Amino acid sequence: MPTDAVAPHVYFAAAAGIDGSVRVLGVHAGGLSAADLALVRTVLTHEIESSGRPLFLYENASRITALLSGDIDVEGCRELLADLPPAIRSQLRVGLSAAQPVAEVANASRQAHVAAAAASGGTAVLDFGEIAGGELLVSTPCREVLRVVGESTLGRVDDYDRVNRTALLPTLRALLEANGHIESAAAVLGIHRHTLRARVTRIERILECSLTSACVRAELVLALIVCEYPRRPAP
């Protein structure tokens with residue numbers, strides 16, 4: 001899919017809906033083999049072409065970007081991926097941008113991949129509009145600040161995991177996604193709440209802050225989305 005900023009309507013106008021808008025679908029497939037990633041691309045290509053729409057699809061490393069009509073919704077995007085084997089679909093994180101004018105396709109692409117980075121694996125498709133602070137995450141200066149925050153905080157936890165063969169970063173992710181609720185995060189991880197509390201205490205020592213603070217957790221959630229640390233299992 002061309003990404004040049006020169007006259008984007010020349011490339012993309014054919015994909016627009018009746019109102020002239022487009023949406024972008026972002027697919028993150030970091031855990032897939034090359035063969036499985038090729039299958040995802042094949043399924044998306046087939047579904048888009050079968051709908052009679054022109055195909056604008058771009059693959060870069062383990063990410064796929066697809067330009068769609070502005071009138072497609074989350075359910076329509078789920079149907080595009082419905083024919084994938086469950087074992088593959090469960091490893092994808094998928095995001096959908098807000099409807100944008102064709103001239104704003106680059107911004108729509110950023111929105112789609114921010115949403116994909118924030119999405120959970122499985123059959124869900126995360127709409128960018130559902131992300132609190134979504135516009136903040138698209139702003140380049142804000143993203144750079146959050147990236148620095150992430151590298152100086154989450155990066156320390158990630159480094160600790162690599163050196164000690166622990167799984168504190170996935171534990172922290174689960175806690176943040178559970179809004180700091182110990183019992184809920186423990187249930188998601190399949191561990192006892194006392195085990196989780198011990199891990200949280202270790203994380204707090206590494207970060208030198210308290211995870212009981214809603215402000216701290218909010219900052220870490222945004223940094224986690226921007227830094228896009230891969231999801232790893234937390235034994």
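Before reading further, recall that the structure is shown in the block above.
Described in the following lines is the structure provided in the data block. The structure displayed is predicted, hence computed values, not measured ones.

Parameters at a glance
Residues numbered from 1 in each chain as written. Predicted model: local features only at pLDDT ≥ 70, side-chain atom pairs only at ≥ 80, totals over all residues. Heavy atoms only, no water. Core = buried A, V, L, I, M, F, W, Y, C linked by side-chain atoms within 4.5 Å. Buried < 20%, exposed > 50% of the residue type's maximum accessible area, 1.4 Å probe, protein only. Helix = DSSP H or I, 4+ residues; strand = E, 2+ residues; numbered from the N terminus. Contact = heavy atoms within 4.5 Å. Axes fitted to C-alpha atoms, helices over the stretch in contact; angles between N-to-C directions. Parallel < 35°, antiparallel > 145°, perpendicular 65-115°, else oblique. Left-handed = near helix turned anticlockwise from the far one by under 90°. Salt bridge = Lys/Arg side-chain N within 4 Å of Asp/Glu carboxyl O.

Some points on the nonpolar core
Then, in step 1: Counting residues in hydrophobic clusters, the biggest one holds 24 residues, and the most contacted among them are Leu-172, Leu-196 and Leu-211.
Then, in step 2: Listing elements by their share of this core, those giving two or more residues are α7 (140–164), α8 (168–177), α9 (182–189), α10 (193–207) and α11 (214–227).
Then, in step 3: With six residues, α8 is the single largest residue contributor to this core.
Then, in step 4: Discounting residues that sit within four places of it in the chain, Leu-211 has contacts with Leu-172, Leu-175, Val-200, Ile-203, Glu-204, Val-216, Arg-217 and Leu-220.
Then, in step 5: Formed by 23 residues, the second largest nonpolar core is a distinct cluster that contains Leu-32, Val-43, Ala-66 and Leu-81.

Quick notes on the environment of Val-105
Then, in step 1: Here Val-105 lies in helix α5 (residues 105–118).
Then, in step 2: Here Val-105 falls in the buried class, since its relative accessible area comes to 9%.

Some thoughts on the packing of α8 against α9
Then, in step 1: Where α8 contacts α9, the axes come no closer than 8 Å and their chain directions differ by 130 degrees. By the angle between their axes, α8 is oblique relative to α9. Relative to α9, α8 is oriented so that their crossing is right-handed. Contacts between α8 and α9 involve Pro-170, Thr-171, Ala-174 and Leu-175 from the former and Ile-182, Ala-185 and Leu-189 from the latter.

Re the pattern of salt bridges
Then, in step 1: The full count for this structure, using the stated rule, is six salt bridges.
Then, in step 2: With a closest N to O distance of 3.7 Å, Glu-75 and Arg-78 form a salt bridge. Here Glu-75 pairs with Arg-78, and both are found in helix α3 (residues 74–80), just three residues apart, close to one helical turn.
Then, in step 3: The exposure class of Glu-75 is partly exposed, given its relative accessible area of 41%.
Then, in step 4: A relative accessible area of 35% means that Arg-78 is categorised as partly exposed.

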